[in-house]
Amino acid sequence: MSECPKCSAPIEEGAETCPNCCKDLDTKPGNKPKIDIPSYVMKALKTYWPMLVAGVLFIVMQWGFPFIDWWKSWNKPNSYYSHGPLVPLIALFMVWANRKRLALVKIQPSWLGLALIIPSIFLYVFGRWTGSGNLCAITFLTFLIGGVLMFTGARMTRLLLFPMLYLVFMVPAPSTLLDTASSPVQRMSTTLAAKVLHYSGKIFSDSDDGWGIRQAGNLIYSPRLPAASGESEGVLRVEGECSGFRMLISLITFTAFFVYMLNTAWWKKVLLVGISLPLSLFVNGLRIAVIGYVGIWTDNAEKMFKFHDSWAMVFELVLSFAILFGIARLINAVDFGIPDPVVDPETAAKGESARQARVWSRPGLVVMLLFCVVVLTNFGIKPLEATAKGELDRANFPERFGTWESLDREIDTLTETELKTADMLSRVYINRAHDVESAAVLVQAARDTDAFHDPHSCIPGGGAAIEEDRVVTINFDKPRPFSVKASCLRIASPQTGDSSLLVYWYSTDGQTYPRTSQVRLVMRKAQLNDLQTIAKSWFGIGSAENAEASYATRQSYCYRFQAPTYYEDTNDALKRLTRFIREFVASSPQFE
């Protein structure tokens, strides 16, 4: 039995017309229908060109932001979303797999899509203006679903809904959310690896203590691991990129596609998706343990790191998919593919003409006009990052005070690029009375939330580890009585083994905040008020100059202080750093 070249409906041998779309088939018994590809493509373009135009506008209006930003995120070293470029291809495959079902659905454009597109325009304009990738990620999906709904109707949209929602797996989640979620996964993977090494050491080692494995946070110590010169123990550091969270995201992305294509009971699909989390933890813990085996058995740090950078990920991927496929076979979930639809002979007489006539419709025309409006706003409203840059008055921060003297540090190129809308001052202060005592100060002024990066993201990304994290209250008497709540992080450097203490807080509109997410929320609310004022001015209500003057003068600040711990416990190091902060604030006109 062959297929119709137009709608893919099954055709009996010798049939002269398709029972579904009534296409004439120039075929003889025993021969397959021939497809005139050029004419087929031209006819499709002629029929569906409104959808094609809307699709091009959809891509153009989001090309610079957020698409380019997503591409950069996918290609970052150790990115959580390195699988991102594959997601659209997988989504297209899912659409292609449904081609027979789609061929049987009548196109019935619906105005319901306006309920998604109209609010999305305002969200998108605000998101692009403020550089909020999260808002633009939401509008990416709502624009897409709303456009498909208006062009094709509810039945077609229902068939395409999962492939469209699947695209969320290529959208980078907020870095703060990723780092918060990855921390417990990192700790559990470390614990599992330490247990595996401990018990296997008791089996393969002659010593009663095995390999002397002990765990401290995200570090695994053992006298059998390759150690630095003069050290009695080697250390296996489980950094953020080794937490297993990246594998979890990739595994869920693949599993979602896998279960969608399975023709099996719903509870089996839920089981396979639900097993992704424990499976990724288990396999990642084994991967870390295998890296430890390489270090123990070779007593060579270079070979251990080489295995980590090459074969360890291959081991993890192969083992994960082998276990997943094995579980699928165990529960008899092996029927892979979208089942063929049942063809209703009564629909054959309706023909393809009804489908062609419905593609060009008033809802489709409105979609194109609305997308054109969004493209025009990209040119009419410049992002804040291009118009708003912070300004610091360096005279407000003393170069010397008490027994402290300072040296200005140059901001590195990467930081300047990432935080391009911030004005930054970086100094190192040395205590003349104790020349080994030092403290680094970084002050930032910005009007754009993207100028403030969360240390919880930057520090692990730079290869260091956060050993302690808490919020502390610092009281000041000079130059005026006030208090701040600040974040306090103890940071360990894997390269040197040294540790330092970082204390920081944010200030905006006379209020202080210890967390980056808090000050971003306050700044977003102020930006939303500015945008509302600008939008009202378009209709003759108020003046846009008020909003422009508001964000031109309104600034937020970040104050960061960092000092070595000198092998002190956190409380003693915090007392010493707090004394410096109080002296610095008392001598700075900025805080008067």
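Placed above this text is the structure.
Rules used throughout
Residues numbered from 1 in each chain as written. Predicted model: local features only at pLDDT ≥ 70, side-chain atom pairs only at ≥ 80, totals over all residues. Heavy atoms only, no water. Pairing = 2+ DSSP bridges. Helix = DSSP H or I, 4+ residues; strand = E, 2+ residues; numbered from the N terminus. Axes fitted to C-alpha atoms, helices over the stretch in contact; angles between N-to-C directions. Expected span 1.5 Å × (residues − 1). Buried < 20%, exposed > 50% of the residue type's maximum accessible area, 1.4 Å probe, protein only. Arc of directions from axis to C-beta. Contact = heavy atoms within 4.5 Å. Phe/Tyr/Trp six-rings, centres within 6.5 Å; stacked < 30°, edge-to-face > 60°. Lys NZ or Arg CZ within 6 Å of the ring centre and 35° of its normal. Patch = residues over 30% accessible without salt bridge, like charges linked within 9 Å, V, L, I, M, F, W, Y side chains within 5 Å. Areas by Shrake-Rupley, 256 points an atom, 1.4 Å probe, with all protein chains shown as cover. Salt bridge = Lys/Arg side-chain N within 4 Å of Asp/Glu carboxyl O. Core = buried A, V, L, I, M, F, W, Y, C linked by side-chain atoms within 4.5 Å. Polar contact = N/O pair within 3.5 Å; in protein donor to acceptor, adjacent residues only side chain to side chain.

Undergrad: Before we move on, can you summarise the sheet that holds strand E4 (residues 219–222) with the specific residues and values?
TA: A sheet is described by the order of its strands in space; here three strands give the open sequence E3-E4-E5, paired in antiparallel fashion. Among the strands making up the open sheet, the edge pair consists of strand E3 (214–216) and strand E5 (234–237). Recorded for the sheet is a direction-independent mean angle of 25° between the axes of neighbouring strands. With three bridges joining them, E3 and E4 adopt antiparallel strand pairing.

Undergrad: Kindly report on helix H2 (residues 86–97), identifying the contributing residues and their values.
TA: Across its 12 residues, H2 extends 17 Å between first and last C-alpha, which sits within 8% of the 16 Å expected from 1.5 Å per residue. Among the residues making up H2, those that are buried are Val-87, Ala-91, Met-94 and Ala-97. Buried residues of H2 fall within an arc of 120° about the axis and therefore sit on the same side. Of the exposed residues in H2, the ones pointing more than 90 degrees away from its buried face are Leu-89 and Leu-92. Of the surrounding secondary structure, the elements contacted by the buried residues of H2 are helix H3 (99–103), helix H6 (154–166) and helix H8 (245–261).

Undergrad: Tell me about the packing of aromatic side chains, and name the residues and values.
TA: If you walk through the whole model with that rule in mind, you get 40 aromatic pairs. Judged by centre distance (5.6 Å) and plane angle (35°), the ring pair of Phe-58 and Phe-140 falls under tilted. Separated by 82 residues along the polypeptide, Phe-58 in helix H1 (residues 37–74) and Phe-140 in helix H5 (residues 133–152) bring together distant segments of the chain. Taking the ring centre of Tyr-221 as reference, the NZ or CZ of Arg-214 above it sits at 4.3 Å. Taking NZ or CZ as reference, Arg-480 lies 4.5 Å from the ring centre of Phe-482, over its face.

Undergrad: Requested: an account of a nonpolar patch on the surface, with residues and values cited.
TA: On the surface, a nonpolar cluster with roughly 460 Å² of combined accessible area is contributed by Met-42, Leu-45, Leu-52, Val-56 and Val-60. For Leu-45, the location among the structural elements is in helix H1.

Undergrad: Lay out the environment of Asp-450 in plain terms, naming residues and giving numbers.
TA: Checked against the element boundaries, Asp-450 lands in the loop between strand E9 (434–446) and helix H17 (455–461). Remark: the alpha-carbon pair of Asp-450 and Glu-418, spanning 32 residues in sequence, is separated by 8.4 Å.

Undergrad: Before we move on, could you go through the nonpolar core and cite the residues and values that matter?
TA: Trp-70, Phe-140, Phe-143, Leu-167 and Met-170 are the most contacted members of the largest nonpolar core, which totals 59 residues. Only H1, H2, helix H4 (114–130), H5, H6, helix H7 (175–204), H8 and helix H14 (362–380) provide two or more residues apiece to this core. Per-element tally for this core: the top contributor is H5, with 10 residues. In this structure, Val-441, Ala-445, Cys-488 and Phe-591 belong to the second largest nonpolar core, which totals 32 residues.

Undergrad: Run through the side chain of Ser-189, naming residues and quoting values.
TA: Assignment of secondary structure puts Ser-189 in helix H7. Within the structure, Ser-189 has its side chain in polar contact with the side chain of Asn-284 (distance 3.1 Å).

Undergrad: I'd like a rundown of the pairing of strand E14 (residues 556–564), residues and numbers included.
TA: Within E14, seven of the nine residues are buried, which leaves it mostly tucked inside the rest of the structure. Direction of pairing for strand E12 (residues 499–508) relative to E14: antiparallel, over a ladder of nine bridges. Each bridged residue has a counterpart across the sheet, and for Tyr-506 the counterpart in E14 is Cys-558.

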